[in-house]
Amino acid sequence: MEILETQAKQPIRALALQGLGRIRDPHIKQALAACDTEEDLQVLRDVANEVKGKGEVSGDLTRWAAAWAIENIGFSQDAIPHLEGGALTEPPYRIRNEIIGRKLQEIGRIQILDSRNEVTPEYEINLEFWLYGPTEELFRANFNLPQYQTLVGDVIYFLNVRGIELAIDKDRSFLQIDDERKRRWLQEQALRIAGSKFAEFTEFEQKRAYKTIEDKDFLSNDYNQDIPLRNLAAQAIKQAGSWLDPSIRSRSFVICEEWEKAVAIGEPALAHLQEVIERKLKLTTSENELRQHQIKALETILAIFDKNYTEISASNHQIVDCLLLTEFLSNNYNNNISWRKSAAQAIKQAGSWLYPSIRARSFVICEQWQQVAAIGEPAVSHLEEVIERNLRLAASEDEIINQQIKAVETINQIQFAELSEKIKKLVKVLLLCPEEQVRKATARLLEPHKGVVPNIANLVDALLFEYTLEKPELKDLTVPQMDERLSSCREKESVIATTFANAIAEANSLARTYSKSTSAAQEFLQNKQEAYLSDIRGWITQLEKQIAETSRYQKKIKYYQESLKDALSEIRGIDSELYKELMAVPKQTALNSTEYQTYNQCQNLSPDLEYIKSQFVPKINQGQAKLNKKSKERFEAGLWGMGIGVAIILFMTLVIDYL
């Protein structure tokens, strides 16, 4: 009451009135409310006069505070309107609500800045009302006006930590706002202002503000659905003094994507970075950005290990080793090869603390085969995954096969402690890999070792066996040429059958060492053998058939030539005129031609003989009577040779008719 009698400033008077309403001693408060003494009754009169605005410096702020004080002290309902008491014509709550409603309506009408760009007195008075009066009523109001948003921001700003606490309303008991959008907007304003002022707060204020933010779990994974709000909280907390737990500070840096600062904190940041990698802590909703964040978190973890390797606990070592293999380098990312390669690019550069096997896998994923070979045997299992297509480095089939071959070649380059172990790995590829190109490349690598490991010799030979069967046009070949080819084919048939039978037996024997009843190589060899033998046997059949056909045709041509020539010779001695006439027939070079060594040559010569026949037959038929007469005369004269001649002529006639 002394302040009310001596202070004119409304904020101070309002705070004094609110202090009166917050008397903590229940006995004093109860006695005051009873108004049993003149002194207590005078207090009611003085406060009521403030409500009525009768004070020399009364205003809306002090009137509201006075009405609020009367309600909170709990003055008798009879004393408040009594003329000797408060003499209030309206209940205090109604007066208070009327003032609040009017001040809210003023917000939309008041100009914030004047023509000189300075804050207007009207705005300052309205702002002062909410700063020292019913702040929660302002926060509860539902306005979308720019002036309202500015006013709320100013109230939070000038109230400092108290404004942040009120706007965040951590337990929802103060503001009692059901509209989640409104609640979030207030929290956003509070966190934004906290970020702008946190560094200026005293340690006490920082701890108080941090507790409010911590109690709402703004930094937790619960805010994966409201990432911007969590970012604002982290922006504020990261500015705290040395009192802040390093793990909390590092989490704030991670949320703010300040990776280098997380590296500086070291091991306390590992757990939060792991959450980013496992997508428990999401810094964005974009899939591409999530993957980029995972890579950045990975790079940060690697940097922390490079910097603090000896100081990091064994448990964190195990977690990170597991994390690298399961979250970045695993076969689960065969459908996102480029992202996994980005991770491997980072991992392969880690310091000497990185296990050789993990580094080797990174080099394999990056297709740096020489570096893989240099690491040695720890890389073999990862190369085998490439060969078996469990670890895919490309999507294209051609690229996959090339990478399989590279992996096999790299295994061959590795210096094994025991050569037999290398041979065993390569033989496994030889037996089990279904891709022919990969098997053939492996067989070439094993070829120099056939003498050292004799039980693979036939298998390697068969896999590398290449035989191209030349198939010229058989009708253009002579019988001796076809005989030579037939002999060569039968010899090659025997070689193929023997080579592949031995190889298949070896494949069966070796497959059992890998607990397999059969192998890809065995099936391939059987198919390859069947294809070769089917091809060569079919060709042998064609050769045999063509040799027979060509030989028959040759005999027929030769027989016709000799028969026609003999007939001409006999006619010459019987009928010279007919002989001359027959000798005049064209194409008679065919009678002495030797160009019938091939089937096609026989076919080419046959039309000429057909032509000669077509010319001889009618001429001989026309001279048949004369030939018979001369033949008879000569026969009677005892010229036996003529009888033979006639028989030849008759036979020739039959031959010609046959032709």
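Everything that follows concerns the structure shown earlier in this document.
Residues numbered from 1 in each chain as written. Predicted model: local features only at pLDDT ≥ 70, side-chain atom pairs only at ≥ 80, totals over all residues. Heavy atoms only, no water.

Along the backbone of the chain there are 32 helices and 0 strands. The C-alpha atoms of the chain give a radius of gyration of 56 Å, which is well past the 26 Å a tight globule of 659 residues would have. Counting all 659 residues of the chain, 49% fall into the buried class. Here the contacts in the chain between residues at least 6 apart in sequence split such that 64% fall between residues at least 24 apart. A total accessible area of about 33300 Å² is found for the chain, and carbon and sulfur atoms account for 49% of it. Here the chain contributes 81 positive and 95 negative side-chain charges, whose respective centroids are spaced 8 Å apart. (Helix = DSSP H or I, 4+ residues; strand = E, 2+ residues; numbered from the N terminus. Rg over C-alpha atoms; globule rule 2.2 N^0.38 Å. Buried < 20%, exposed > 50% of the residue type's maximum accessible area, 1.4 Å probe, protein only. Contact = heavy atoms within 4.5 Å. Areas by Shrake-Rupley, 256 points an atom, 1.4 Å probe, with all protein chains shown as cover. Lys, Arg positive; Asp, Glu negative; His and termini not counted. Charge placed at Lys NZ, Arg CZ, Asp CG, Glu CD.)

All right, on to the packing of aromatic side chains then. According to the stated counting rule, one finds 19 aromatic pairs in the structure shown. Ring geometry for Tyr148 against Trp185: centres 6.2 Å apart, planes inclined by 20°, an arrangement best described as stacked. On the criterion of sequence distance, the pair formed by Tyr148 in helix H9 (residues 146-159) and Trp185 in helix H11 (residues 180-197) is long-range, its members being 37 residues apart. With respect to burial, Tyr148 and Trp185 carry one shared label: buried. Measuring from centroid to centroid gives 5.1 Å for Phe218 and Tyr223, while their planes differ by 45°, and the two rings are tilted. A residue is classified by how much of its surface remains accessible, and Phe218, at 0% relative accessible area, is buried. Judged by its relative accessible area of 15%, Tyr223 is buried. Taken together through their ring pairs, the aromatic side chains of Trp64, Trp68, Phe129 and Trp130 make up a single cluster. (Phe/Tyr/Trp six-rings, centres within 6.5 Å; stacked < 30°, edge-to-face > 60°.)

Relative to the helices and strands, Ile23 resides in the loop between helix H2 (10-21) and helix H3 (26-34). Since its relative accessible area comes to 21%, Ile23 is described here as partly exposed. Taking the C-alpha atoms as reference points, Ile23 and Tyr559, separated by 536 residues in sequence, lie 146 Å from one another. Beyond its immediate stretch of four places on either side in the chain, Ile23 contacts Ile28, Lys29 and Leu32.

We now examine the packing of helix H25 (residues 436-446) against helix H26 (residues 457-464). One way to put it is that H25 packs onto H26 with a least axis distance of 9 Å and a crossing angle of 130°. With respect to their mutual orientation, H25 and H26 come out oblique. Our pair here, H25 against H26, has a crossing hand that is left-handed. Together, Arg439, Lys440, Ala443, Arg444 and Leu446 of H25 and Val460, Leu463 and Leu464 of H26 make up the contact between the two elements. Of the residues assigned to the contact of H25 with H26, the class counts are 5 nonpolar, no polar and 3 charged. (Axes fitted to C-alpha atoms, helices over the stretch in contact; angles between N-to-C directions. Parallel < 35°, antiparallel > 145°, perpendicular 65-115°, else oblique. Left-handed = near helix turned anticlockwise from the far one by under 90°. Nonpolar A, V, L, I, M, F, W, Y, C, P; charged D, E, K, R; others polar.)

That is the geometry; function is a separate question.
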